[in-house]
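If you want the building blocks of each chain, they are given just below.
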Amino acid sequence: MFGYTINADRVEARINQLAQIGKISETGVCRLALSKEDREAVLLVKSWMEEAGLAARIDAFGNLIGRMEGVHHDAPALMLGSHVDTQPYAGRFDGIIGVVGAIETVQTMKEQGVVPAIPVEVAAFCDEEGCRFNKGLFGVRGLLGKLEEGELERTDKNGVTRRQALLEFGGDPERFKQSEYKPGQVGTFLELHIEQGPVLESLEQGVGLVTGISGPIWWTVDMYGFAGHAGSVPMPMRKDALVGAAKVIAGLNALASSEPGAPTVGTVGTLQVFPDSRNIIPEHVSFSVDLRDIDLERRNRREAALRELIDSTAREHGLTYEIREDTVSDPRYCAKRVKDTIRAAAGEMGLALPELMSGPFHDSLTMSYYCDYGMIFVRCKDGISHNPKEFSTKEDIAAGTELLYRTAFRLCTASPQVEGAAQA
């Protein structure tokens, strides 16, 4: 059994304290991006960063970034972090352990007297989840100059634009350029996260090494028919948009399940029907599509098949349709250098370290286009996430945080003088 360098009690206390902001049940949290609750959480996390010795700031995109200078202050930084915004029906751990664990890593370095050779930054990125404005990874994409035209005009369910919410939060679209990172400012990104799946639990292991992230496709699909009286329009004469949508939804499920053992997943998580009356034939249905796979060629085949299904269904039922691409990303694999460092740190701890891919996307996905990245997963009970029942044990989170600390230590300094501090 290895001894912890990090303070597991402090990690647990901070996770529990953060869970009080936006609390919706005994274990549930709703802390939507750029909301009042999100800002309250960010300010609390900022105080923890400052307690850990970081110089902390909130940038124009709403990202919270703390920095510890290194001996070579102009060298590419090691960045750690994740996010603190949540889904509307969320648990306490998704994203949060990555931010709290990153702060704990830096605070432990400070307490151990470690002076890194390179700068170390901790990021709590704005709006990773994407549920409020239907497009995620906003803050990290902004930091890297990857925002798309019209993103600030996206609206939430109450008609609030992202621009308005960002301004109220304290962000500033006029300063976006000043907040963007130049190429080479960060050399490595490292993220601790709950698995959000059942693999580690099935293997009876508390932590795991991520090998790559599935490439997500997010669409919004609109299907248009013609409204009519539900009691008088004969079935053969109907142009029912909901019937068409239902066939597409069932077809997506079949496509994603068509190859046994493949990690392809397909989901429709939102659906709106107009006019939304029990005795009117639906004229307009809008629904989301989420399609993911670690194998790009297979995902592309499923995407092509889904497009054909939508087209043939529309023709069959006399409908028209539109497909809007909200997010499209290729699968991204973790850097060998970072994986090897994580393996070495796990070996030092005497940890078995299963290797697995990530189906969900994370801030690491965007960072992978900018620098080397790696991820550490922590087991979650029954694989549940995006649900108040989401749970990881104190022991597993502590093991993951210790592994993060020891990995970060190796990445930010190779000095023999301070290596002993990691063993203290």
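These remarks concern the structure in this document.

Rules used throughout
Residues numbered from 1 in each chain as written. Predicted model: local features only at pLDDT ≥ 70, side-chain atom pairs only at ≥ 80, totals over all residues. Heavy atoms only, no water. Helix = DSSP H or I, 4+ residues; strand = E, 2+ residues; numbered from the N terminus. Rg over C-alpha atoms; globule rule 2.2 N^0.38 Å. Buried < 20%, exposed > 50% of the residue type's maximum accessible area, 1.4 Å probe, protein only. Contact = heavy atoms within 4.5 Å. Areas by Shrake-Rupley, 256 points an atom, 1.4 Å probe, with all protein chains shown as cover. Lys, Arg positive; Asp, Glu negative; His and termini not counted. Charge placed at Lys NZ, Arg CZ, Asp CG, Glu CD. Axes fitted to C-alpha atoms, helices over the stretch in contact; angles between N-to-C directions. Parallel < 35°, antiparallel > 145°, perpendicular 65-115°, else oblique. Left-handed = near helix turned anticlockwise from the far one by under 90°. Nonpolar A, V, L, I, M, F, W, Y, C, P; charged D, E, K, R; others polar. Polar contact = N/O pair within 3.5 Å; in protein donor to acceptor, adjacent residues only side chain to side chain. Phe/Tyr/Trp six-rings, centres within 6.5 Å; stacked < 30°, edge-to-face > 60°. Lys NZ or Arg CZ within 6 Å of the ring centre and 35° of its normal. 1 Å grid on protein atoms, 1.4 Å probe; cavity = no way out; pocket = protein on both sides within 12 Å on 5 of 7 lines; lining within 4 Å. Points joined across faces, edges and corners; volume = space filled by probe spheres on them.

1. Some remarks on the overall build of the chain
Part 1: From N to C terminus, the chain includes 13 helices and 14 strands.
Part 2: Computed over its C-alpha atoms, the radius of gyration of the chain comes to 23 Å, within 12% of the 22 Å expected for a compact globule of 424 residues.
Part 3: When its C-alpha atoms are laid out on the principal axes, the chain stretches across 85 × 45 × 40 Å.
Part 4: Split into buried and exposed, the 424 residues of the chain put 55% on the buried side.
Part 5: In the chain, once contacts between residues fewer than 6 apart in sequence are set aside, the share between residues at least 24 apart is 78%.
Part 6: Of the accessible surface of the chain, which amounts to about 17,700 Å², a share of 52% is contributed by carbon and sulfur atoms.
Part 7: Of the side chains in the chain, 45 bear a positive and 60 a negative charge, and the two mean positions are spaced by 1 Å.

2. A few points about the packing of helix α1 (residues 8–18) against helix α12 (residues 394–412)
Part 1: Across the interface, α1 lies against α12 with an axial gap of 10 Å and an inter-helix angle of 115°. The pairing of α1 with α12 is recorded here as roughly perpendicular in orientation. α1 and α12 meet at a crossing whose hand is right-handed. For the pair α1 and α12, the contacting residues are Ala8, Asp9, Val11, Glu12 and Ile15 in the first and Lys394, Ile397, Ala398 and Thr401 in the second.
Part 2: The class makeup of the residues in the contact of α1 with α12 is five nonpolar, one polar and three charged.

3. Comments concerning the side chain of Ser286
Part 1: Here Ser286 is to be found in strand β10 (residues 284–293).
Part 2: Exposure remark for Ser286: the relative accessible area of 12% places this residue in the buried category.
Part 3: There is a polar contact of 3.2 Å between the side chain of Ser286 and the side chain of Asp222.
Part 4: With near-sequence residues (within four places) excluded, Ser286 lies in contact with Thr220, Val221, Asp222, Thr270, Leu271 and Gln272.

4. Some remarks on the packing of aromatic side chains
Part 1: One pass over the full model with this rule turns up six aromatic pairs.
Part 2: Summarising the aromatic geometry, the rings of Phe125 and Phe189 are spaced 6.0 Å apart at their centres and angled 50° between planes, so their arrangement reads as tilted. Pair noted here: Phe125 is in strand β4 (residues 120–125) and Phe189 is in strand β5 (residues 186–194), with a separation of 64 residues, a long-range link. Taken individually, Phe125 and Phe189 each receive the classification buried, so the pair is uniform in this respect.
Part 3: An aromatic cluster is defined as three or more aromatic residues linked by ring pairs; in this entry it consists of Phe61, Phe138 and Phe176.
Part 4: Its guanidinium or amino end placed over the ring of Phe169, Arg39 lies 5.9 Å from that ring's centre, counting from NZ or CZ.
Part 5: Across from the ring centre of Tyr369, 3.8 Å away, lies the NZ or CZ of Arg332, which sits over that ring.

5. Things to note about the layout of surface pockets
Part 1: As a volume, the second largest pocket reaches approximately 270 Å³.
Part 2: Forming the boundary of the second largest pocket are 14 residues, of which Arg141, Val328, Ser329, Thr366 and Tyr369 lie nearest the centre.
Part 3: Contributions of two or more residues to the lining of the second largest pocket are made by β11 (320–328) and α11 (363–367).
Part 4: Broken down by class, the residue content of the lining of the second largest pocket amounts to six nonpolar, four polar and four charged.

6. Brief notes about the environment of Arg299
Part 1: With respect to the helices and strands, Arg299 occurs in helix α9 (residues 296–317).
Part 2: For Arg299, a relative accessible area of 3% translates into the label buried.
Part 3: For the pair Arg299 and Thr264, spaced 35 residues apart in sequence, the C-alpha to C-alpha distance is 7.3 Å.
Part 4: Residue contacts for Arg299: discarding those within four places in its chain leaves Gly215, Pro216, Ile217, Leu291, Asp293, Val328, Ser329 and Asp330.

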